[in-house]
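# Coordinate inspection notes
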Amino acid sequence: MKKRLHIEQTSSIREIFPAVCGTSLLRPLFLSGVSAGFPSPADDYLDRKLDLNEHLVKNPAATFFVRVAGDSMIGAGINDNDILVVDRSLEPCSGSIVIAVVNGELTVKRLIRNRNSCRLAAENPDYPDLEIDGEIPLEIWGVVTYAIHSL
Amino acid sequence: MPFTASEMFGLIDCNNFYASCERLFRPDLVNRPVVVLSNNDGCIIARSNEAKALGIGMGTPYFKQEALIREHDVAVFSSNYPLYGDISQRVMDVLMRLEPHVEVYSIDEAFIGLPAEKHCDLENWGRFIKAAVQKHTGIPVSIGFGPTKTLAKIANRFAKKNPPAAGIFAITDRQTLDPLLAAVAVGDIWGIGRRHAARLASQGIHTALEFKNCADTWIRKQFTVAGLRTAMELRGIPCISLEKAVPARKSICTSRSFGQPVHTLDDLQEAVATYAAQAAGKLRRAGLRTAVVDVFIRTNSFKKDEPQYCNRRTFTLPVPSSHTTTLIKAALASLRAIYRPGYCYQKAGVLLNGLMPENYEQLSLFQAPAPRGASLMKAVDEINRRWGRDTIQPAAAGLVRKWHFRQMKKSPAYTTRWSELPIAKASFPAGHSMA
């Protein structure tokens, strides 16, 4: 039985950017073989290729990659073994997914802060939230900007 | 009275840099003493403040401190240069974003030049830079400002050693300069080495203030114009300017002490081939070629009871090259010429001299230019870049590497290998009970 590619009418993909491949043109050099031919008509319209780094890493000096161990954040779309993009230069605010230091370990949580309380929340009902009382200063290591996982 | 210099200098120095890098991904080490060992796990080359407080000396052999290290639960690391190099680059990147004039002076130090109009409130600006580097890279730094590079270096010492300075210190006023210099030993002045310091001490000159006040003619006679330049700098007259362009490399050296003494030619050949391959990689990264390949080997001169031997041999290539196999061939030919059996070799090295840019080549009349291998080397470099150092390596470098230096306690290459990324926990915190 042949499989067919299914494209649903209600696809959530709004737009597809073509990844442009630059063509190369050999120029004749007296030692090398002569390669003649018409230049590509696309030459004048070449864009740079899309670079994922540019999209995912806004501040290279402050950006680190970390690997997730555990499933306490699956509700936020972060799975076990994902790679997280962490930007240390960002200011964490309430609702940010952060890398926090808990008991001397780097831990991924959602920061929930309001006028009189602060907690590090898990995104999985099996795991408890962590109330932060004012006595121990909360150390935020960095703010998570993207999760990378294969499907 | 303030200095009238048209430019001020700042020296940014990372605090206990290697130890701070090791702590970056190990928050559990925050108050624990940390030391980092030299290439062969031989000596202690970096210490956290807690380790310094225990009296662990800089450069002391590891085995001499082992008891102290165990007693105080000191965290010990082999040096992890891929990590330190990456973090260093991040620190420098942050500085370059804040300041247009940056001279990267070493892996953990950079000078900045501040034009006259930015002089007001140096300390505030320093605090801003310090906070930015700390936040972006996680590395604590100290910053010293002064009207000359030498004084900026001295200011940096005060920034580090005086807790009230909180990591920032500026020398901006002539009146306060002399008492400060009186508290600095001559040997701690930038540019005064241990030998010069000993000579000055024998003449009764012990502090930076005493050196600064010596007569010019005497300094010049004793320590040449370089010494005079240092004295002028101490007086607040700038003589050493900011070097923004990295000077082109004149030579590349790859050498290392062995993890254990090496006796056979086979083992030495592996080591020398490895160093030649590493040197060739450095050449290509810098876009250079070499004309001269130097090889040296030596025994351990500290072991007086063993027979001693050291030798070196220079090989001049007919055409400059950066090709790994060409360099290995040249290096091994030299090695075979100088190798003598019956010795315990402790160190070998490959030194490349006569470097020139890749795109500049004197063609030989009787030899066709050889593009051969350029694309092979490019492919090898690309593979090693993507999959990690030494993924592809010349067979001559050996597979077992009995001679390879010891690195028993190396931390992961957190920032340069996908397989060694730091772990962020998404589970129960340590010590949590399920009950």
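In short, a report on the structure. Predicted model only: the values in this text are computed from it and were never measured.

A few words on the sheet that holds strand β5 (residues 102–106) of chain B. Residues and elements named next belong to chain B. With respect to topology, five strands assemble into an open sheet ordered β5-β6-β1-β7-β8, the strand pairing being mixed. In this open sheet, the two strands that pair with only one neighbour each are β5 and β8 (168–170). Here the average twist between neighbouring strands, direction ignored, is 20 degrees. In this fold helix α5 (residues 122–137) packs onto β1 (7–14), β6 (109–115), β7 (141–146) and β8, with an angle of close to 155 degrees to the strand it touches most, β7.

The next thing to look at is the packing of aromatic side chains. By the definition in use, this model includes 20 aromatic pairs over all chains. Measuring from ring centre to ring centre gives 5.4 Å for Phe64(A) and Trp141(A), while their planes differ by 70 degrees; the resulting arrangement is edge-to-face. Of this pair, Phe64(A) sits in strand β1 (residues 63–69) while Trp141(A) sits in strand β7 (residues 139–148), and the two are 77 residues apart along the sequence. Comparing Phe64(A) with Trp141(A) shows no difference in burial state: the two are buried. Members of the aromatic cluster, connected to one another through ring pairs, are Phe64(A), Trp141(A), Phe25(B) and Tyr414(B).

Once that is clear, we can look at the interface of chain B and chain A. Between chain B and chain A, the contact holds 28 residues from the first and 35 residues from the second. Across the chain B to chain A interface the summed buried area is about 2,600 Å²; carbon plus sulfur atoms make up 60%. Between the two partners, chain B and chain A, sit two salt bridges. Note that Glu91(A) is salt-bridged to Lys135(B), the shortest N-O span being 3.7 Å. Along the contact surface separating chain B from chain A lie 19 residue pairs in polar contact (both at pLDDT 80 or more). Where the side of chain B that touches chain A is concerned, the elements lending two or more residues are α4 (81–98), α5 and β13 (423–425) of chain B. Top contributing element to the side of chain B that touches chain A by residue count: α4(B), with five residues. Of the residues belonging to the side of chain B that touches chain A, the class tally is 15 nonpolar, seven polar and six charged.

With that out of the way, let us pick up the packing of helix α8 (residues 194–202) of chain B against helix α10 (residues 216–234) of chain B. Residue and element names in this part refer to chain B. Contact geometry of α8 with α10 gives a least axis separation of 12 Å together with a crossing angle of 135 degrees. Viewed along their axes, α8 and α10 adopt a mutual orientation that is oblique. As for the relative orientation of α8 and α10, their crossing is right-handed in sense. Taking contact as the criterion, the partners of His-196, Arg-199 and Leu-200 in α8 are, on α10, Trp-218, Gln-222 and Phe-223. Its residues placed into classes, the contact of α8 with α10 shows three nonpolar, two polar and one charged.

Residue and element names in this part refer to chain B. Ordered in space as β3-β2-β4, the three strands form an open sheet in which the pairing is mixed. Only two strands of the sheet have a single neighbouring strand rather than two, namely β3 (44–47) and β4 (75–78). Strand-to-strand twist in this sheet, taken as the mean axis angle between neighbours without regard to direction, amounts to 25 degrees. When strand β2 (residues 34–37) meets β3, the two strands line up antiparallel, connected through three bridges. Across the sheet, Val-35 pairs through a bridge with Arg-47, a residue of β3. The strands that helix α1 (residues 17–24) touches are β2, β3 and β4; relative to β2, the one it contacts most, it runs at about 115 degrees.

In this section: helix α7 (residues 174–182) of chain B. All names here are of chain B. Taken as a whole, α7 has its buried residues at Leu-177, Leu-180 and Leu-181. Buried positions in α7, seen along its axis, are confined to an arc of 90 degrees and lie on one side of it. Relative to its buried face, α7 has exposed residues pointing more than 90 degrees away, namely Gln-175 and Pro-179. Check the buried side of α7 and you find it contacts α6 (149–161), β8, α9 (208–212) and α10. Backbone nitrogen of Gln-175 and a side-chain oxygen of the N-cap are separated by 3.2 Å at the start of α7; the cap is Asp-173.

This part takes up helix α3 (residues 62–71) of chain B. Residue and element names in this part refer to chain B. For α3, every residue scored as buried is listed here: Tyr-62, Gln-65 and Ile-69. Angularly, the buried residues of α3 cover 70 degrees about the axis, an arc narrow enough to put them on a single face. Facing away from the buried surface of α3 by more than 90 degrees, the exposed residues are Phe-63, Lys-64, Ala-67, Arg-70 and Glu-71. Residues of α3 that are buried in the fold lie against β2, β3 and β4.

Each value, and the rule that gives it
Residues numbered from 1 in each chain as written. Chains lettered and ligands numbered in written order. Predicted model: local features only at pLDDT ≥ 70, side-chain atom pairs only at ≥ 80, totals over all residues. Heavy atoms only, no water. Pairing = 2+ DSSP bridges. Helix = DSSP H or I, 4+ residues; strand = E, 2+ residues; numbered from the N terminus. Axes fitted to C-alpha atoms, helices over the stretch in contact; angles between N-to-C directions. Contact = heavy atoms within 4.5 Å. Phe/Tyr/Trp six-rings, centres within 6.5 Å; stacked < 30°, edge-to-face > 60°. Buried < 20%, exposed > 50% of the residue type's maximum accessible area, 1.4 Å probe, protein only. Buried area = accessible area lost by both parts, 1.4 Å probe. Salt bridge = Lys/Arg side-chain N within 4 Å of Asp/Glu carboxyl O. Polar contact = N/O pair within 3.5 Å; in protein donor to acceptor, adjacent residues only side chain to side chain. Nonpolar A, V, L, I, M, F, W, Y, C, P; charged D, E, K, R; others polar. Parallel < 35°, antiparallel > 145°, perpendicular 65-115°, else oblique. Left-handed = near helix turned anticlockwise from the far one by under 90°. Arc of directions from axis to C-beta.

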